[in-house]
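# Residue-level structural notes
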Amino acid sequence: MAQVEEIRTYIQEGMPCQTLEVEGDGRHFQALVVSGVFAGMNRVQRQQRVFQCLGGRVDSGEIHALSMRTYTPEEWRELQHG
């Protein structure tokens, strides 16, 4: 089973991230991903981009579930500073 650090590494190696937080229990994971790559993408496109970083690990069942919040750096700054 994939672990938190492995998922973090897969995402970091697959795309530049300004902020990346991953938590989970060994099968179910949550990720916060902030990347300029997301500019101009809708929510589904952003999630697909993160899943690309994980290769076939979700389809194979190695990662059972990954919920994620995805933001551009500008969106993240707005959320942080209200």
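Conventions used here
Residues numbered from 1 in each chain as written. Predicted model: local features only at pLDDT ≥ 70, side-chain atom pairs only at ≥ 80, totals over all residues. Heavy atoms only, no water. UniProt positions renumbered as here; feature names shortened; annotations may be inferred. Salt bridge = Lys/Arg side-chain N within 4 Å of Asp/Glu carboxyl O. Helix = DSSP H or I, 4+ residues; strand = E, 2+ residues; numbered from the N terminus. Buried < 20%, exposed > 50% of the residue type's maximum accessible area, 1.4 Å probe, protein only. Contact = heavy atoms within 4.5 Å. Core = buried A, V, L, I, M, F, W, Y, C linked by side-chain atoms within 4.5 Å. Pairing = 2+ DSSP bridges. Axes fitted to C-alpha atoms, helices over the stretch in contact; angles between N-to-C directions.

Under an unreviewed UniProt entry, the name given to the protein chain is BolA family transcriptional regulator, and the organism recorded is Azospira inquinata. Under the UniProt heading Sequence similarities (unreviewed entry), the note attached to the protein chain is "Belongs to the BolA/IbaG family."

For the structure shown, the criterion picks out 3 salt bridges. Of the charged contacts in the structure, one is a salt bridge between Arg-8 and Glu-5, with a shortest N-O distance of 2.3 Å. Here Arg-8 pairs with Glu-5, and both are found in helix H1 (residues 4–14), just 3 residues apart, close to one helical turn. Note that Arg-46 and Glu-75 form a salt bridge whose closest N and O atoms lie 2.8 Å from each other. Here Arg-46, found in helix H2 (residues 43–53), pairs with Glu-75, found in helix H3 (residues 73–81); they are 29 residues apart in sequence, far enough to count as distant. Given a relative accessible area of 8%, Arg-46 falls into the buried group.

This brings us to the side chain of Thr-72. Within the element layout of this structure, Thr-72 appears in the loop between strand E3 (65–71) and H3. A residue is classified by how much of its surface remains accessible, and Thr-72, at 6% relative accessible area, is buried. Those residues within four positions of Thr-72 in sequence are excluded, and the remaining contacts are Val-34, Ser-35, Phe-38, Ala-39 and Arg-46.

For the rest of this paragraph, the subject is the nonpolar core. Within the largest apolar cluster, 17 residues are counted, with the highest numbers of intra-cluster contacts made by Ile-7, Ile-11, Met-15, Val-33, Val-50, Leu-54 and Leu-66. Put simply, the parts of the chain that give this core at least two residues each are H1, strand E1 (19–24), strand E2 (28–34), H2 and E3. Residue contributions to this core peak at 4 residues, all from H1.

As a further point, take the sheet that holds E3. Within a sheet, each strand pairs with its neighbour through backbone hydrogen bonds, oriented either parallel or antiparallel. Taken together, the 3 strands give an open sheet; going across it, the order is E1-E2-E3, and neighbouring strands pair in mixed fashion. Looking along the sheet, the strands with just one partner apiece sit at the ends: E1 and E3. Strand after strand, the sheet turns through a mean of 10° between neighbouring axes, direction not considered. Inspection of the sheet shows E1 paired to E2 by 6 bridges, in the antiparallel sense. When the sheet's bridge partners are listed, Glu-21 is paired in E2 with Leu-32. Its contacts with the sheet place H1 against E1 and E2, and it is angled at close to 150° to E1.

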